[in-house]
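Descriptive analysis of the structure
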Amino acid sequence: MSIKTTVKVAMALGGALLVAACDDTNLPGFMKNANSGERNAQTTARQGEVIERDVEAPEVFQVTEKGLWDGRPSLGGVWVAHPSAKDPERVIIRNPANGKSAVAALFRREREIPGPRLQVSSEAAAELGILAGAPTELSVTALRKQKVPVAPPPVEDPVLEDPAEISQSTLDDPIAAAEAALDRTEKTTPRVGTRPAPKPTAKPAATKPVAAAKPAAPAPAGTPSKPFIQIGIFSVEQNAKNAAESLRGIGIIPTIKPGNSNGKKFWRVVAGPATNKAELEAVLNKIKGLGFVDAYAVTN
């Protein structure tokens, strides 16, 4: 084999090795498809207890100077090459002119060629917005992985109803409806002894007339028209029971009367009946002294 043939074979093998070195399948693990690797690492980290985060390491490598893409397609994805690089690194490249950036691989540039020392691949130029043959100011900084603990997801507070709306729907409405019902009852219910006697019907002449019925005896003098005392109307049954227990503690026997207004339950707490006005006033004063200042006399 001639010398010329040997040189041609060597040059062909060298070119093949150079192309293979730029291919993804022959790059170091941390270099292969840098951008996809970064996304995969972030996705996996969310599932564990720690997350790996890229941090800039200017002490490892950093340059800011003109970079050039010669306009020819290049293998190996997103990468740059510089004569001062010692080992392959993961770097971030920034183009200050348009604010674009890209995570790339950094290689050592073996040969010095006239022009900018920073060589840019075709894919890197596309991501950074660099035109072919146009030297562009670039910033290249090495990246390092840093492990940090994953913060637990925030605990959302339970959504509660507006207290004002709860108070209005469960307390005010039943009380107002109950008091209105009591007022209607007092106005429409006849008292004992006030109902008129039925009119006598005509009797045959031969029949002995029947004596007229005696009217009911009037109420004893001093008996109050509203002998009961209403302590309060409660929308929660346990609150009504607590009020009743307080009354028993001072010697007053209460009664809890359940009710319903517009589908909403309530419980009335009443005491009585009093036999005279003096007794009614004395019991009412004791109840108000216990703290139920809104207590008042009712019919039933």
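Up top is the structure.
Below: a short report on this structure. None of these values were measured; they are calculated from a predicted model.

1. A word on helix α5 (residues 237-249)
Between its terminal C-alpha atoms α5 stretches 19 Å, which fits the 18 Å expected from 13 residues at 1.5 Å a residue. All of the buried residues in α5 are Ala240, Ala243, Ala244 and Leu247. One side of α5 carries all its buried residues, which in axial view fall inside an arc of 100°. Set apart from the buried face of α5 by more than 90 degrees, the exposed residues are Glu245 and Gly249. Each element contacted by the buried residues of α5 is listed here: β8 (228-234), β9 (254-261), β10 (264-271) and α6 (277-289). Phi for glycine 251, located one or two positions after α5, is positive at around 85°.

2. Side note on the environment of phenylalanine 266
Looking at the element boundaries, phenylalanine 266 is found in strand β10. Phenylalanine 266 sits in the buried class, given a relative accessible area of 7%. Along the primary structure phenylalanine 266 and glutamate 237 are separated by 29 residues, whereas in three dimensions their C-alpha atoms are 7.3 Å apart.

Rules and cut-offs
- Residues numbered from 1 in each chain as written.
- Predicted model: local features only at pLDDT ≥ 70, side-chain atom pairs only at ≥ 80, totals over all residues.
- Heavy atoms only, no water.
- Helix = DSSP H or I, 4+ residues; strand = E, 2+ residues; numbered from the N terminus.
- Expected span 1.5 Å × (residues − 1).
- Buried < 20%, exposed > 50% of the residue type's maximum accessible area, 1.4 Å probe, protein only.
- Arc of directions from axis to C-beta.
- Contact = heavy atoms within 4.5 Å.

Taken by themselves, the reported measurements are silent on function.
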